[in-house]
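Here are the chains, one letter per residue:
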Amino acid sequence: MIAEQLINILNDKLKNPIYKTIQLINIKDILNKSNFTKKEGIAIHLVVLHFVYMLVMNKKIATFMKQSDNSFKKDVYYRLLKNQSYNWRRLLSLSSVKLISLLQKLQNPKSVKVFIIDDTVEDKTGKKIEGSRDKLYSNKEKRFIRGINVLSLNYSDGYSNFMLDFAINMGKHARITIDEMLSELNHRTTAYKRRAEIMKGKHQLAIDMVKRAVKIGIYADYLLVDSWYSKPIFLKEMNDLGVRVISRMANNKSIWNFKDKANTLNAVYEKFRHLRKAKSGVYGKIKFTYFSVLMEHKKAGKIRIVFIKTSNKLIPIVSTDIEITDNEIIEIYKRRWDIEQGYKEL
């Protein structure tokens, strides 16, 4: 009876499309597959619905309870958050898969779909927050902060963007040891496994996220990453998965070293800049010229490098798809810049 009343409030009085959306994707089935189960008490999909509203309204639990006449007791929310068996990653990925499948009916079949790996730093000061560490450099604040390093795998069709997966990278300068983090958890639970993975490093965490997305059947034409991930071994891993990559390259001779006499990116650029006719382009207010070179690397295989030259920067972009044009490579990679800028604004 209470559940029916709550549904009527959400559906009829608030007139909010969120509830209709979770009905459309069959959230009850997704929650069950993600191990969100309860034997008694308030239905778990209704508790999750409240968390969705908190996210949309950017409200904490306490604030939401004060401002809502239909909130549950605080223990209802905290019990859900503390449950070690709930698989939040699967809940996210299965929900996104369902939404993407529904949107495919509206998509232009010729539009380029991409995976995007984003690497952000969040300001979190609590010592017991999962993955909390010191000396994290924030590009947003232009300084080192105390917080967490969150990796996410996103999907974009050019119109809609979805987060598919996430992971936390702890690395050095952790505020508590991994043993301390794991000691309070049952080793068979999802929470234990999630915490244990945070010491893998960003490279492996990113590869694991892409593998999970491919395994559940999400298709993308390209994977877009920034220069930190764009290493020969990473491109090889993606080639083995059948995932084509477009990324910015780190202009570092210890990372990118070719067999040719022009064995560094700077050397390749200097060798070909007078042999290739550069074209002109613009991104926002930034004007640039560009040309490309086909190269072969012993680990990365055959690649196309587009050298973009602004007034003060040389930006190499690599594509493991050597059949597309320079302009297509640039236009596709702009999608990553656009999403990154969107996250910064958030």
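As the structure is a computational prediction, the values presented were derived from the model and not from experiment. For every chain, the first residue of its written sequence is number 1, and the numbers climb from 1 along that sequence. Whole-chain, interface and lining totals are the exception, using all residues; otherwise, since this is a predicted model, local features are given only for residues with pLDDT of at least 70 and side-chain atom pairs are given and counted only at 80 or more. The side-chain figures draw on all heavy atoms in the structure; neither hydrogens nor water molecules are used.

Engineer: Mind showing me how you'd approach the overall build of the chain here?
Structural biologist: Numbering of helices and strands runs from the N terminus, with a helix taken as a DSSP run of H or I at least four residues long and a strand as a DSSP run of E at least two residues long. Secondary structure summary: the chain contains 13 helices and 10 strands in total. Once the C-alpha set of the chain is aligned to its principal axes, its extents read approximately 75 × 50 × 35 Å. Burial analysis of the chain (346 residues in total) assigns 43% to the buried set. Taking all contacts inside the chain whose residues are at least 6 apart in sequence as the whole, residues at least 24 apart take part in 59%. Summing over all exposed atoms, the chain offers an accessible surface of approximately 20,000 Å²; the carbon and sulfur share of this is 51%. Two residue types count as positive, namely Lys and Arg, and two as negative, namely Asp and Glu; His and chain ends fall outside the count. Throughout, a charge is located at the NZ atom of Lys, the CZ atom of Arg, the CG atom of Asp or the CD atom of Glu. For the chain, the distance from the average position of its 64 positive side-chain charges to the average position of its 35 negative side-chain charges is 2 Å. Buried means the residue's accessible area, taken with a 1.4 Å probe over protein chains only, is under 20% of the maximum for its type, while exposed means over 50%, and partly exposed covers the values in between. By definition, residues are in contact when any of their heavy atoms lie within 4.5 Å. The Shrake-Rupley method, run with a 1.4 Å probe sphere, supplies the accessible areas, and residue values consider only the shown protein chains as cover.

Engineer: Please explain the pattern of salt bridges as it appears in this structure.
Structural biologist: Oppositely charged side chains may form a pair once their charged atoms are brought near each other. Salt bridges are counted wherever a side-chain nitrogen of Lys or Arg sits within 4 Å of a carboxyl oxygen of Asp or Glu. Counted by the stated rule, this structure contains 17 salt bridges. Put simply, Glu141 and Arg143 hold a salt bridge, and the shortest N to O gap is 2.6 Å. A relative accessible area of 33% places Glu141 in the partly exposed class. In this structure Arg143 comes out as partly exposed when scored by relative accessible area, which is 42%. A salt bridge links Arg244 to Asp321, with the shortest nitrogen-to-oxygen separation between them at 3.1 Å. In this pair, Arg244 is assigned in the loop between α11 (232–241) and β6 (245–248) and Asp321 in the loop between β10 (314–319) and α13 (326–345), connecting sequence segments 77 residues apart. Judged by its relative accessible area of 31%, Arg244 falls in the partly exposed class. With a relative accessible area of 8%, Asp321 lands in the buried category. One network of salt bridges, with partners in common, ties together Arg89, Asp165, Glu197 and Arg212.

Engineer: Could you clarify how one ought to interpret the packing of helix α10 (residues 202–215) against α11 in this entry?
Structural biologist: Each pair of packed helices gets described by two things: the angle between the helix axes and the distance between those axes. Whenever a helix is involved, its axis is fitted only over the stretch in contact; in every case the axis is a line through C-alpha atoms, and angles between N-to-C directions fall within 0 to 180 degrees. α11 packs onto α10 with a crossing angle of 15° between their chain directions and a minimal axis gap of 11 Å. Considering their axes alone, α10 and α11 lie roughly parallel with respect to each other. Between α10 and α11 lies a crossing of right-handed hand. Facing α10, whose interface residues are His203, Ala206, Ile207, Val210 and Lys211, α11 presents Ile233, Phe234, Glu237, Met238 and Leu241. Throughout this entry, Asp, Glu, Lys and Arg are counted as charged residues, while Ala, Val, Leu, Ile, Met, Phe, Trp, Tyr, Cys and Pro are counted as nonpolar. The remaining residues, Gly among them, count as polar. Of the residues that constitute the contact of α10 with α11, the class distribution is 7 nonpolar, 1 polar and 2 charged. For this classification, under 35 degrees means roughly parallel, over 145 means roughly antiparallel, 65 to 115 means roughly perpendicular, and everything else is oblique. Crossings are sorted by hand: turned counterclockwise from the far helix by less than a right angle, the near helix makes the crossing left-handed, and turned clockwise it makes it right-handed.

Engineer: What's the story with the pairing of strand β7 (residues 279–283) in this structure? I'm lost.
Structural biologist: A regular strand carries its side chains on alternate faces of the sheet. Here β7 pairs with strand β8 (residues 286–297) via 5 bridges, running antiparallel. What sits directly across from Tyr283, in β8, is Ile286. In short, DSSP must find at least two bridges between two strands for them to pair. Taking the residues between adjacent antiparallel strands as the criterion, β7 and β8 are bridged by 2 residues, where Gly284 takes a positive phi near 65°.

Engineer: How should the packing of helix α4 (residues 44–57) against helix α6 (residues 74–82) be read in this particular structure?
Structural biologist: Interhelical geometry of α4 versus α6 gives an angle of 95° and a closest axis separation of 11 Å. Classed by the angle they form, the pair α4 and α6 counts as roughly perpendicular. Only Val76, Tyr77, Leu80 and Leu81 of α6 make contact with α4, whose side of the interface consists of Ile44, Val47, Val48, His50, Phe51 and Met54.

Engineer: How should I be thinking about unusual backbone geometry in this particular structure?
Structural biologist: Among all residues except glycine, the phi angle is most often negative; among peptide bonds, the trans geometry is most common. Although it is not a glycine, Asn26 sits at a positive phi angle of roughly 60°. The residue Asn26 is located in the loop between α2 (17–24) and α3 (27–33) in this model. For Asn35, which is not glycine, the phi torsion reads 70° and is therefore positive. When you line up the elements, Asn35 lands in the loop between α3 and α4.

Engineer: How should the packing of aromatic side chains be read in this particular structure?
Structural biologist: For any pair of aromatic rings, the description rests on two quantities: the centre-to-centre distance and the angle between the ring planes. The rule is short: rings of Phe, Tyr and Trp, with Trp giving its six-membered ring, pair when the centres are within 6.5 Å, and they are stacked under 30 degrees, edge-to-face over 60, tilted in between. Inspection of the entire model under this criterion finds 13 aromatic pairs. Between Tyr137 and Phe144 the ring centres are 5.3 Å apart and the planes differ by 70°, which places this aromatic pair in the edge-to-face class. Its relative accessible area of 38% is what places Tyr137 among the partly exposed residues. Centre to centre, the rings of Trp256 and Phe258 are 6.0 Å apart; their planes meet at 20°, and the pair counts as stacked. Here the two residues Trp256 and Phe258 agree in accessibility, since each one is buried. An aromatic cluster is defined as three or more aromatic residues linked by ring pairs; in this entry it consists of Phe51, Phe64, Phe72 and Tyr77. In this structure, Arg89 is placed above the aromatic ring of Phe166, and the distance from its NZ or CZ to the ring centre is 5.7 Å. In this arrangement the basic side chain of Lys202 is found over the ring face of Trp228, its NZ or CZ atom lying 4.2 Å from the centre. For a Lys NZ or an Arg CZ to count as sitting over a ring, it must be within 6 Å of the ring centre and within 35 degrees of the ring normal.

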